[in-house]
Amino acid sequence: MDSVLRATAVYLILLVIMRVAGKRTLAQVTVFDFILLLIIGEATQQALLAEDFSIINAAIVIGTLVLLDIGLSLLKLRSRTLDRIIDDTPVVIVDHGKLLRDRMDRARIDEQEILIAARELHGLERLEQIKYAVLERSGGISIVPASSSGT
């Protein structure tokens, strides 16, 4: 039971740390994917390197983490509030070519990151060419180009 409690505690601690660290830390990987892979990798490494002589203990830790991940995913499906707390919501950071500085500051995003996404995704060169830029839940930046008629 000690392994289950330790795995649960580490999972929850890392979940909080990654949530506080912000979306841009992970870019295209969800918080759940990152935490699960990180801890599973560590638990497996310990078992393989014989630091933890019990392969069964590593299996218990990995099983606990997978069950926690599945459980939280199911809870997020049932609770929009929990979903927003854990994964946050997309945030508009550019509105019709205007930077929304307060939102950008909270997300630790600068103008250059937005322009890079605009160039990479749509070949846009200026803010005025962006109708909306959205910081997605995954940490990526989506760009909605302004129409060619100037709207």
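Above this text sits the structure in question.
Before going into details, it helps to say that this report is about the structure given with it. (Residues numbered from 1 in each chain as written. Predicted model: local features only at pLDDT ≥ 70, side-chain atom pairs only at ≥ 80, totals over all residues. Heavy atoms only, no water.)

A few points about the pattern of salt bridges
To keep things clear, this is the line we draw: Whenever a carboxyl oxygen of Asp or Glu lies within 4 Å of a side-chain nitrogen of Lys or Arg, that contact is scored as a salt bridge. Secondary structure is summarised from DSSP: a helix means a run of H or I of at least four residues, a strand means a run of E of at least two, and numbering begins at the N terminus for each. Residue exposure (1.4 Å probe, protein chains only): buried if accessible area is under 20% of the type maximum, exposed if over 50%, otherwise partly exposed.
Per the counting criterion, the structure on display carries four salt bridges. R137 is paired through a salt bridge with D83; the nearest N and O atoms lie 2.7 Å apart. Placement of the pair is R137 in the loop between β3 (130-135) and β4 (141-145) and D83 in helix α4 (residues 80-87), with a sequence separation of 54 residues. The exposure class of D83 is buried, given its relative accessible area of 18%. Note that E128 and R126 form a salt bridge whose closest N and O atoms lie 3.4 Å from each other. A relative accessible area of 56% means that E128 is categorised as exposed.

Comments concerning the side chain of D69
This is how the line gets drawn: In this charge count, Lys and Arg are treated as positive and Asp and Glu as negative; neither His nor the chain ends contribute. Residues are treated as being in contact if the distance between any of their heavy atoms lies within 4.5 Å.
If you trace the backbone, D69 turns up in helix α3 (residues 55-78). Buried within the structure, D69 lacks any salt-bridge partner; its nearest side chain of opposite charge belongs to K76, at an N-O separation of 7.1 Å. Discounting residues that sit within four places of it in the chain, D69 has contacts with Y11, F32 and L36.

Some details on the pairing of β4
We count it as follows: In this description, strands pair whenever DSSP reports at least two bridges between them.
The pairing of β3 with β4 spans five bridges and is classified as antiparallel. For Y132, the partnering residue across the bridge sits in β4 and is V144. Between the antiparallel neighbours β3 and β4 lie five residues, among them G139 with a positive phi of about 105°.

Structural measurements only, silent on function.
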